[in-house]
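# Coordinates in review
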Amino acid sequence: MSSQPAATAESSTPSTCPECSGRLDRAGGETHCSDCGLVVDEQQIDHGPEWRSFDEDEFRRTGAPRTVTRHDNGLSTEIGRDQSDANGTALSARKKRRLSRQRTLHRRSRFESKRQRNLSHGLGEIRRLTSALELSDTIRTQACSLFKTAQDADLLIGQSIEGGAAAAVYIACRCNNAIEMHRLAEVARCSESHIWTVYKVFQRDLELPIPIERPSERVPRVLEAMPVAATKATRRRARELARLADDNPEFTGSRRAIAAGCVYFASEETGQAWTQATVAEAAAVARTSLRTWYQELQDHVGG
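Residues numbered from 1 in each chain as written. Predicted model: local features only at pLDDT ≥ 70, side-chain atom pairs only at ≥ 80, totals over all residues. Heavy atoms only, no water.

### Observations concerning the packing of aromatic side chains
As a reminder, the rule being used: When the centres of two rings from Phe, Tyr and Trp lie within 6.5 Å, Trp using its six-membered ring, the rings pair. Their planes under 30 degrees apart give stacked, over 60 give edge-to-face, and anything left gives tilted. Under the scheme used here, helices are H or I runs from DSSP no shorter than 4 residues and strands are E runs no shorter than 2 residues, and both carry numbers assigned from the N terminus. For each residue, the accessible area found with a 1.4 Å probe, counting protein chains only, is set against the maximum for its type, and the residue is called buried under 20%, exposed over 50%, and partly exposed in between.
Under the counting rule described, the total for this entry stands at six aromatic pairs. Centre to centre, the rings of Tyr170 and Trp196 are 5.4 Å apart; their planes meet at 70°, and the pair counts as edge-to-face. Taken as a pair, Tyr170 in helix H5 (residues 161-176) and Trp196 in helix H7 (residues 192-206) lie far apart in primary sequence, 26 residues in all. Residue class for Tyr170 comes out buried when judged on its relative accessible area of 6%. Trp196 gets classed as partly exposed once you look at its relative accessible area, which sits at 28%. Through successive ring pairs, a cluster of aromatic residues spans Tyr170, Trp196 and Tyr199.

Below, the structure written as structure tokens:
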């Protein structure tokens, strides 16, 4: 049936120019005379295949691109829930029941084992977390790849699927400096302590090269969380102190506390004079930790 419209279209087009009886050239979606330039027909419909390839072995229709965010790499199909067919005609009750049964059988046949079902559930949880946190597609892809690797290494045995998905998202965020644990725990379906437990298992058994956050990377976040905007002098001095802590091996500890000490020290030197309680609250650390690193900075800068 597909060849009939093409034959009809070709038969309706004359073989010679009606003006000068010259040769017609069919190219570029129009038919024109190669002698006088008369356009005989235009805006033709190409009834050939929609692909464009120079290799005959690749002349085939394909679906959506493969993706690691699905347990089957996105190759499965979905039976929709529309109440009408392609022509817009409403489906009868008998067809609706038949489609419902087919949809159920199709959903059950998607998984060959319980392992695949768990993988599908975990990847779906990763998509939910990254969507709720408005993370990029790169982080989502990295988290899904890590979750698959962890399942292949049997690291999810004894752990919840939600915890494994949250840990994979957190590791991807650590590698891209995206979000912190407390924000992830707000939308996760497990406790923060459980996420930390699974995270440590992944890091230890998979030997992941997770970058360690430096105080200089934490200082801008502390400054942004302050209730009063910092002056340029305070920002510049806080960054200088943070770079000093980056290069000093004696500053090994909580990066939040070290960054808070740098911000508090800089505010005192520049006259902004924030209180320890204000800086500690913005950095989400204890005041005792802030004072410890503040005194350590005093010893190094003063010496």
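### Quick word on a positive patch on the surface
To keep it simple, the criterion reads: A patch is a set of surface residues, each over 30% in relative accessible area and not in a salt bridge, joined within 9 Å for like charges and within 5 Å for the nonpolar side chains Val, Leu, Ile, Met, Phe, Trp and Tyr. What sets the accessible areas is the Shrake-Rupley method with a 1.4 Å probe; for residues, cover comes only from the shown protein chains. We count a salt bridge whenever a side-chain nitrogen from Lys or Arg sits within 4 Å of a carboxyl oxygen from Asp or Glu. Charge counting treats Lys and Arg as positive and Asp and Glu as negative, with His and both chain ends excluded. Working definition for charges: the position is that of NZ of Lys, CZ of Arg, CG of Asp or CD of Glu.
On the surface, Arg94, Lys95, Arg97, Arg98 and Arg101 cluster together into a positively charged patch. Residue position: Arg94 is located in helix H2 (residues 93-109).

### Some points on H7
Note the threshold: One less than the number of residues in a helix, times 1.5 Å, gives the span that helix is expected to have. The arc in question is the one spanned by the directions pointing from the helix axis to the C-beta atoms. Note on contacts: a residue pair is in contact if any heavy atoms of the two residues lie within 4.5 Å.
End to end, H7 covers 21 Å across 15 residues, agreeing with the expected 21 Å (1.5 Å per residue, within 8%). For H7, the set of buried residues is Ile195, Val198, Tyr199, Val201 and Phe202. In a view along the axis of H7, the buried residues occupy a sector of 160°, so they form one face of it. Exposed residues lying more than 90 degrees from the buried face of H7 are Lys200 and Arg204. Tucked inside the fold, the buried residues of H7 contact helix H4 (137-152), H5 and helix H6 (181-187). One or two residues past the end of H7 sits Glu207, with phi positive at roughly 55°.

### Here we look at the sheet that holds strand S3 (residues 39-42)
Under the convention used in this document: Only strands that DSSP links by at least two bridges are regarded as paired with each other. Fitted lines through C-alpha atoms serve as axes, helices being fitted only where they are in contact, and the angles separating the N-to-C directions of these axes extend from 0 to 180 degrees.
Here we have three strands laid out as an open sheet, ordered S1-S2-S3, and antiparallel in their pairing. The two strands at the open ends of the sheet, each matched to only one other strand, are strand S1 (24-27) and S3. Averaged over neighbouring strand pairs, the angle between their axes works out to 15° when direction is ignored. Bridging between S1 and strand S2 (residues 30-33) involves four bridges; their strand directions are antiparallel. Across the sheet, Ala27 pairs through a bridge with Glu30, a residue of S2.

### So, unusual backbone geometry
A positive phi angle, close to 60°, is found at Ser21, a residue other than glycine. Inspection of the secondary structure assignment puts Ser21 in the loop between helix H1 (3-12) and S1. One non-glycine residue, Glu134, lies in positive phi territory at about 55°. Its place among the elements puts Glu134 in the loop between helix H3 (114-132) and H4. Taking the relative accessible area as the measure of exposure, Glu134 reaches 72% and is therefore exposed.

### Topic: the confidence of the model for the chain
The cut-off we apply is this: pLDDT is a per-residue confidence score from the predictor, ranging from 0 to 100.
In the predicted model, the chain carries a mean pLDDT of 82, and 84% of its residues have values of at least 70. In the model, residues 1-11 has pLDDT below 50 throughout and makes three contacts with residues more than four positions away in sequence or in other chains.

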